[in-house]
Amino acid sequence: MDATKVTLTVRGDTSPGEVILVVGSCEALGVWCHQRAVTLQPVGDDGTMWTKTITVPRGVVSQYRYFKGFFLESKSAGGPCQVVVNKWETHQQPRAMSPTGSHMNIDDGQFGIHNGVDCVDSGWLTCQTEIRLRLHHSKKSPVSITKKKYKKSRFRIKLMLQGPEEEEEDEEELSHSSWHKMPTTLEISMISGNGYKSRHSQPECGYALEPSQWTEYSIHTMDPDNLELTFEFFEEDLGEHVVQGDTHPGHVGTACLLSSSFGESGKDTGVVTLPIMGRNARQTIGKVRVDYLVTRPIPDLMCDMSTSFTKYWRKRGALDVGHRGAGSTHAAKHHKVRENTITSFKSAAKHGAAYVEFDVHLSKDFVPIVYHDLTCCISTKKKNDKTSLELIEVPVKDLTFDQLQLLKLAHVTAMKVNDPKDLLDDEEEVDEHQPFPSLSQIFQAVPEHVGFNIELKWICQMKDGSWESNLSSYFNMNTFLDIILSCVLQKAGKRRIVFSCFDPDICTMVRQKQNKYPILFLTQGVSEIYPEMMDIRCQTTQIAMSFAQSENILGISAHAEELLRSLQYIREAQSKGLVVFSWGDDNNDHENRRTLREQGIDGLIYDRICEDQGEQPNIFKVEEQHSLHEVINEETMKSCNCSCYSVPCSTAPCTASKGRAGSAESDSGLSSS
């Protein structure tokens, strides 16, 4: 095949050591793999213009995107290089070229701006690690002062970062090596119900803590086990404690944390309590409680850069989402379908559900399974008694996938009413009615035009200190997500995916671990039905909005109870660029759904979708058929002698139309819309 030399030019500011790279659909551009991207070279005195000449196939359309990041040489000779993606262009339609001559010059103007639209998103974790340290008043003040002198003082806190010492390099070596190292970065974010301030530098003496505020420090590093993290405490009302000649007036103490302690604990999330040492290093003036979260990249997973839907939403009006498929039930009866089964999802699909919502967690042997509760009931028969059964509640995480398939299941509510009837039903249930299907089975069985709203099941702590289902420990958070996300990224195909979770840390990690699918923060807000949660980010719909904005996620899935009480929250969230779904029993009332639709809700999760709607194609299938009609009409207008013109739109298009019909899918494609 003939080739063309194409010189690409783009303009953009970069930080020290940062470069601009290009990735695209052809082999020369890495086939959308960031690891194989091409690094551009800076030209000119100010270093804002970047250019590179590449060889691409002639007469073939090649799509491409620019991104900013770090190109890291391997520490070992001959080892693989690493690429860190800081910011990347995420337009739904990438840039494109179709060269016809031997050489072509393309000036793409400003980084991030394509066809007059500025669309840039933050990157994901490719090889670096993110450490987050948090100070908050979820239980009580994170700072406890024991020194009488400072009992009534108010403090400002600043986090200082010290990495491993490196050998000094001469100026020439330093200039070259700075291109191939990623500096460890430290930023701070603050979230409250009144707003947020995300990822910025700290002032000289830090910030004071507020009871209603979540303060979080984010560190990105290639060396997560060799950092010294120091909290410096400054007295806000300097008063009589100022020491003349201080570099930082009011400095009263220091608390030190070594990042290696996270690895030694074997946990990626937890709480540490640190002593605050006074100016006299032998003196302790108090202690500080620090939450930590360590997020690592998914091992051996290369995220595709051809498209991203993490922040993309095409507005269509309220989408119907089948709660647990055809609705919440606790047994498969003649007139009902058991929740979270293949049959339930297929039934919802037949009745026009745009999405089906379901919960995913892991079995003991790390198989992603679909089931709502964290526990289930198994039965034991009493000796010499053929009818009486005793129910025992068991955490789902303690049973293997094969064991779960063998269970004759009862819902945990059966224990409260002493009603084991589920266990006494006919043993003959077809496979698609069985509980605990694997996530892989669901992907294979449910039509691809039906989207999946996948709730990532995680334990929640209540304000009173108790834990959901009495489970205070669960899986390693990184391992849990790596397994489920890998399954989805490998199996989803063109299916629309939206993740959701009640745990804000899970939402954060999903955003950091992959670049393709969006997540909604599930929030119950202020509720008379459910107990208040411990985490202040979960306590109100307002702070849930601030969290979603700060973490740059798609939006929130709010409890209908609070939305119906404060309908303005829908417009408020959407004005902030957030998508809003609604969940809860109140959505099962037709009038409530009508009210929420009128307010512009983006998605409604509710039961009994099969009772409220007759069998019909969902909105995505209708759009696909409409696009196919347009293609057929357009081809007919061009006098195409296609023998398939009379084929109904529900069947596959003819060969002449396939290429164009496929483009209709790209309008929303893998989109969560």
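Procedures and definitions
- Residues numbered from 1 in each chain as written.
- Predicted model: local features only at pLDDT ≥ 70, side-chain atom pairs only at ≥ 80, totals over all residues.
- Heavy atoms only, no water.
- Buried < 20%, exposed > 50% of the residue type's maximum accessible area, 1.4 Å probe, protein only.
- Helix = DSSP H or I, 4+ residues; strand = E, 2+ residues; numbered from the N terminus.
- Axes fitted to C-alpha atoms, helices over the stretch in contact; angles between N-to-C directions.
- Parallel < 35°, antiparallel > 145°, perpendicular 65-115°, else oblique.
- Left-handed = near helix turned anticlockwise from the far one by under 90°.
- Contact = heavy atoms within 4.5 Å.
- Nonpolar A, V, L, I, M, F, W, Y, C, P; charged D, E, K, R; others polar.
- pLDDT = per-residue confidence, 0-100.
- Pairing = 2+ DSSP bridges.
- Core = buried A, V, L, I, M, F, W, Y, C linked by side-chain atoms within 4.5 Å.

Caption draft 1: Local environment of helix α10 (residues 541-550). The buried fraction of α10 is high, at nine of ten residues. Restricting attention to buried positions, one finds in α10 the residues T541, I543, A544, M545, S546, F547, A548, Q549 and S550. Once α10 finishes, N552 follows within two positions and takes phi at roughly 60°, a positive value.

Caption draft 2: Spotlight on the packing of helix α8 (residues 477-491) against helix α9 (residues 504-513). The contact between α8 and α9 brings their axes to 11 Å, and the two run at 55°. By the angle class used here, α8 and α9 are oblique. Here the hand of the crossing between α8 and α9 comes out right-handed. Residues M477, N478, F480, L481, D482 and L485 of α8 form the contact with α9, whose participating residues are D505, I506, M509, V510 and K513. A class-by-class count of the residues in the contact of α8 with α9 yields seven nonpolar, one polar and three charged.

Caption draft 3: Molecular detail of the confidence of the model for the protein chain. The predicted model of the protein chain has a mean per-residue pLDDT of 86, with 83% of residues at 70 or higher. Contacts from residues 331-335, a stretch scored under 50 in pLDDT, to residues over four places away or in other chains number seven contacts.

Caption draft 4: Structural context of the sheet that holds strand β5 (residues 49-57). The sheet built from four strands is open, its strands ordered β4-β5-β1-β9 with mixed pairing. Only two strands of the sheet have a single partner each, and these edge strands are β4 (41-43) and β9 (103-110). Averaged over all neighbouring strand pairs, the angle between strand axes comes to 30°, with direction disregarded. Of the strand pairs in this sheet, strand β1 (residues 3-11) and β5 are connected by nine bridges, and their pairing is antiparallel.

Caption draft 5: Molecular detail of the nonpolar core. Ranked by size, the top nonpolar core spans 87 residues in total, and within it F358, L456, F480 and F499 carry the most contacts. With seven residues, the top contributor of residues to this core is α8. Once residues within four sequence positions are removed from consideration, F358 is found in contact with N340, F345, V370, L439, I442, F452, N453, I454 and E455. Core analysis: the second largest hydrophobic core is formed by 31 residues, L133, V143, I145 and I276 among them.

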